[in-house]
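Read off the chains here:
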Amino acid sequence: MTIRVVVADDQELVRSGFAMILDAQPDIEVVAEAADGDGAVAAVRRLAPEVALLDIRMPGTDGIEACRAISAGTGCRTVMLTTFDSDEYVFEALRAGASGFLLKDVRREDLVHAVRVVAAGESLLAPSVARRLIAEYTARPPAAAPSARLEMLTARERETLLHLARGLSNAEIAAALVVSEHTVKTHVGNVLSKLGLRDRVQAVICAYECGLVTPSAG
């Protein structure tokens with residue numbers, strides 16, 4: 001299946017460069033480019049792509065607001081791109097529903113990989129972003145007990161969420177629980193559905209916020 005992508009960046013050279021890299025792949029097609037957030041949202045609504053690459057800082061409607069509108073109103077998944085390695089943008093993007101977060105100095109092969117991963121329903125963070133996410137929760141006082149929000153999960157689903165928070169892949173979770181990967185995918189889907197989460201990144205955040213896992217245990 002061809003992955004259809006919208007690329008949004010207010011700098012034409014940057015935008016066209018990303019588009020060229022992605023269009024050169026046999027399984028990826030850039031269906032539209034946009035210079036601002038409004039253009040990106042309109043393109044996504046009109047063309048229904050699988051993935052939108054969004055620069056965070058754009059004139060008018062910025063990437064965060066565009067991500068929020070796309071996440072709330074479409075099935076398109078978003079990857080945020082920025083030159084600014086800042087906590088403020090990381091957490092705003094994740095709360096807005098971003099499924100990936102990369103810095104603009106990303107290598108071309110990592111950019112292509114990110115689009116494929118996100119299109120497949122997974123999530124991806126640049127290593128520096130992942131470190132900042134863990135550091136954020138390390139700085140917080142630990143929760144006294146797991147949130148009542150987790151009570152709707154079965155014991156297996158709680159175990160699955162715990163392993164997700166520790167960064168395990170589906171194959172690694174399957175080995176830890178001694179079940180098939182198909183069963184793990186079912187558990188992951190149930191966790192996301194019951195907790196109202198969009199993807200694995202939000203599941204990790206939820207696990208920390210609900211007190212299921214603490215930085216020292218993760």
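Residues numbered from 1 in each chain as written. Predicted model: local features only at pLDDT ≥ 70, side-chain atom pairs only at ≥ 80, totals over all residues. Heavy atoms only, no water.

Colleague: Got a minute to help me understand the overall build of the protein in this structure?
Modeller: Looking only at helices and strands, the protein has 10 helices and 6 strands in total. Residue burial in the protein is summarised as follows: out of 218 residues, 47% are buried. A sequence separation of at least 24 residues applies to 66% of the contacts in the protein between residues at least 6 apart. Of the roughly 10,200 Å² of accessible surface on the protein, 52% is carried by carbon and sulfur atoms. (Helix = DSSP H or I, 4+ residues; strand = E, 2+ residues; numbered from the N terminus. Buried < 20%, exposed > 50% of the residue type's maximum accessible area, 1.4 Å probe, protein only. Contact = heavy atoms within 4.5 Å. Areas by Shrake-Rupley, 256 points an atom, 1.4 Å probe, with all protein chains shown as cover.)

Colleague: Hey, could you run me through the packing of helix H7 (residues 155-165) against helix H9 (residues 181-195) in this one?
Modeller: Geometry of a packed helix pair, given as the angle between the helix axes and the separation of the axes. One way to put it is that H7 packs onto H9 with a least axis distance of 9 Å and a crossing angle of 95 degrees. Compared by their axis directions, H7 and H9 come out roughly perpendicular. Every residue of H9 that contacts H7 at Arg 156, Glu 157, Thr 160, Leu 161 and Leu 164 is listed here: His 187, Val 188, Asn 190, Val 191, Lys 194 and Leu 195. Tallied by class, residues from the contact of H7 with H9 come to 5 nonpolar, 3 polar and 3 charged. (Axes fitted to C-alpha atoms, helices over the stretch in contact; angles between N-to-C directions. Parallel < 35°, antiparallel > 145°, perpendicular 65-115°, else oblique. Nonpolar A, V, L, I, M, F, W, Y, C, P; charged D, E, K, R; others polar.)

Colleague: What's the story with H7 in this structure? I'm lost.
Modeller: One full turn of an α-helix is made of 3.6 residues, so residues set three or four places apart face in the same direction. Within the sequence span of H7, burial applies to Glu 157, Thr 160, Leu 161, His 163, Leu 164 and Ala 165. Those residues of H7 hidden inside the fold are in contact with helix H8 (170-177), H9 and helix H10 (200-209). Positive phi appears at Gly 167, one or two residues downstream of H7, with a value of about 85 degrees.

Colleague: Help me understand the nonpolar core in this model?
Modeller: Inside soluble globular proteins, nonpolar side chains tend to come together where they are buried. Formed by 29 residues in total, the largest nonpolar core has its most connected members in Leu 54, Ile 70, Met 80 and Phe 101. Counting only elements with at least two residues in this core, the list comes to strand E1 (3-8), strand E2 (28-34), helix H2 (37-47), strand E3 (51-55), helix H3 (63-73), helix H4 (87-96), strand E5 (100-103) and H10. Per-element tally for this core: the top contributor is H4, with 6 residues. (Core = buried A, V, L, I, M, F, W, Y, C linked by side-chain atoms within 4.5 Å.)

Colleague: Is there a simple way to explain the pairing of E2 in this structure?
Modeller: Direction of pairing for E1 relative to E2: parallel, over a ladder of 6 bridges. Looking across to E2, one finds that Arg 4 is bridged to Glu 29. For the handedness criterion, the β-α-β arrangement of E1, helix H1 (residues 12-23) and E2 is classed as right-handed. (Pairing = 2+ DSSP bridges. Right-handed = clockwise from strand over helix to strand, strands pointing away.)

Colleague: Honestly, helix H5 (residues 108-119) in this entry has me stumped. Any pointers?
Modeller: With 12 residues, H5 extends 17 Å from end C-alpha to end C-alpha; this agrees with the ideal 16 Å at 1.5 Å per step. Considered for burial, the residues of H5 that qualify are Leu 111, Val 112, Ala 114, Val 115, Val 117 and Val 118. Just past H5, the residue Gly 121 takes up positive phi, approximately 95 degrees. (Expected span 1.5 Å × (residues − 1).)

Colleague: Even after reading the chapter, I still don't get the pairing of E5, so can you show me in this structure?
Modeller: For a regular strand, the rule is simple: side chains alternate between the two faces of the sheet. In E5, alternate side chains face the same way, and those of Gly 100 and Leu 102 on one face and Phe 101 and Leu 103 on the other are all buried. Bridge count between strand E4 (residues 77-82) and E5: 4 bridges; the pairing is parallel. Residue pairing for E5: Thr 82 is matched across the bridge by Leu 103.

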